[in-house]
Amino acid sequence: MATPTVQRHRRICDVHLLLVRDGRVLLSLRKGGYASGLWQVPSGHLEAGESTDVGTVREGLEEIGVRVAPGHLEFAHFIDHRAPGEEPRLGVFYRATTWEGEPYNAEPHKCGGIAWYPLGAIPDNTVPYHAAALAHIAAGRTHSRFGWQPLHTVT
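The rules behind each value
- Every residue gets a number counted from 1 within its own chain, in the order that chain's sequence is written.
- Per-residue local features of the predicted model are confined to residues with pLDDT of at least 70, and side-chain atom pairs are confined, for both listing and counting, to 80 or more; whole-chain, interface and lining totals are unaffected and use all residues.
- Water and hydrogen atoms were dropped before computing side-chain values, which therefore reflect all heavy atoms in the structure.
- Ring pairs are drawn from Phe, Tyr and Trp, using the six-membered ring of Trp, whenever the two centres fall within 6.5 Å, and their geometry is named by plane angle: stacked under 30 degrees, edge-to-face over 60, tilted for the rest.
- Here a strand is any run of E in DSSP of at least two residues, a helix any run of H or I of at least four, and the numbering for each starts at the N terminus.
- Three exposure classes are used, based on accessible area relative to the maximum for each residue type with a 1.4 Å probe and protein chains only: buried under 20%, partly exposed in between, and exposed over 50%.
- Charges are assigned to positions over rings by a cutoff of 6 Å between ring centre and Lys NZ or Arg CZ, combined with an angular limit of 35 degrees from the ring normal.
- His residues and chain termini do not enter the charge count, which takes Lys and Arg as positive and Asp and Glu as negative.
- Salt bridges are counted wherever a side-chain nitrogen of Lys or Arg sits within 4 Å of a carboxyl oxygen of Asp or Glu.
- Residues count as neighbours in contact if any of their non-hydrogen atoms are within 4.5 Å of one another.
- Working rule for helices: expected span equals 1.5 Å times residues minus one.

J.: It is not clear to me how the packing of aromatic side chains should be interpreted in this structure. Could you clarify?
T.: Remark: the centre distance and the inter-plane angle together describe each pair of aromatic rings, the angle taken between the planes. In this structure the tally under the stated criterion is two aromatic pairs. Taken together, a centroid distance of 5.3 Å and an interplanar angle of 70 degrees make the contact between Trp39 and Tyr117 edge-to-face. With Trp39 in strand 4 (residues 39–40) and Tyr117 in strand 8 (residues 111–118), the pair connects residues that are 78 residues apart, well separated along the chain. Residue classification places Tyr117 among the partly exposed residues on the basis of a relative accessible area of 21%. On the basis of an interplanar angle of 25 degrees and a centroid distance of 6.5 Å, the ring pair of Trp99 and Trp116 is categorised as stacked. With Trp99 in the loop between strand 7 (89–96) and strand 8 and Trp116 in strand 8, the pair connects residues that are 17 residues apart, well separated along the chain. Looking at Trp116, the relative accessible area reads 21%, which means it is partly exposed. The ring of Trp148 has Arg82 sitting right over it, with the charged end atom 4.6 Å from the ring centre.

Here you go:
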């Protein structure tokens, strides 16, 4: 009898670039589409065959015009998140230890502006899973879950 083939689960992975200066984190205001009018960490989805650090560097250049060498990223947080009615996703947050250039709104057709906020006092109108991840990062936690049912013990 043949062993049934189990298909591997695949998820969308999003990457997030944390720029922190004097205890303040850079956020961008979404405009149009998903979560329009909410603040977020500069971020996006990985492209096919892209590593998380390279995708984070690419997003930083595309969205806020800064250059970060992959070697100047440090892992900050991993979030396993889902929104009602959507597929679950994996989010990886990296903090840039240094970067080249002053951040600016490089995608005005997608972004309503950028601003620096205290890491412990981000705006109420922040994308919910970004707000959750930032709270965990501020508390020094490197992993979290958002939008899932309470964790049950497997017996």
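J.: So what exactly am I meant to see when it comes to the side chain of Asp14 here?
T.: Within the element layout of this structure, Asp14 appears in strand 1 (residues 12–18). Despite its burial, Asp14 pairs with no opposite charge, the nearest such side chain being Arg89 at 4.6 Å. Other than its neighbours up to four places away in sequence, Asp14 contacts Gly44, His45, His81, Arg89, Leu90, Gly91, Val92 and Tyr129.

J.: What exactly am I supposed to notice about helix 1 (residues 52–64) here?
T.: Here helix 1 contains 13 residues, and its C-alpha end-to-end distance of 18 Å stays within 8% of the 18 Å for a straight helix at 1.5 Å per residue. Inspection of helix 1 places Gly55, Thr56, Val57, Arg58, Glu59, Gly60, Glu63 and Ile64 among the buried residues, and these make up the whole buried set. Just past helix 1, the residue Gly65 takes up positive phi, approximately 65 degrees.

J.: I tried to follow the environment of Ala96 on my own but got confused; where do I start?
T.: Inspection of the secondary structure assignment puts Ala96 in strand 7. Remark: the alpha-carbon pair of Ala96 and Ala133, spanning 37 residues in sequence, is separated by 16 Å. Excluding residues that lie within four positions of it along the chain, Ala96 makes contacts with Leu17, Leu18, Leu19, Val68, His72 and Leu73.

J.: Help me out: how do you make sense of the pattern of salt bridges in this one?
T.: Once the charged atoms of two side chains with opposite charge are near each other, the side chains can pair. Summed over all chains, the structure comprises nine salt bridges. Among the salt bridges present, the one from Arg58 reaches Glu62, with a minimum N-O distance of 3.2 Å. Of this pair, Arg58 and Glu62 both sit in helix 1, four residues apart, which is roughly one turn of that helix. Taking the relative accessible area as the measure of exposure, Arg58 reaches 15% and is therefore buried. Between Arg89 and Glu86 there is a salt bridge, with the nearest N and O atoms lying 3.8 Å from each other. Owing to a relative accessible area of 34%, Glu86 belongs among the partly exposed residues under this scheme. A cluster of three or more residues bridged by salt bridges with shared partners is formed by Glu47, Glu50, Arg58, Glu59 and Glu62.

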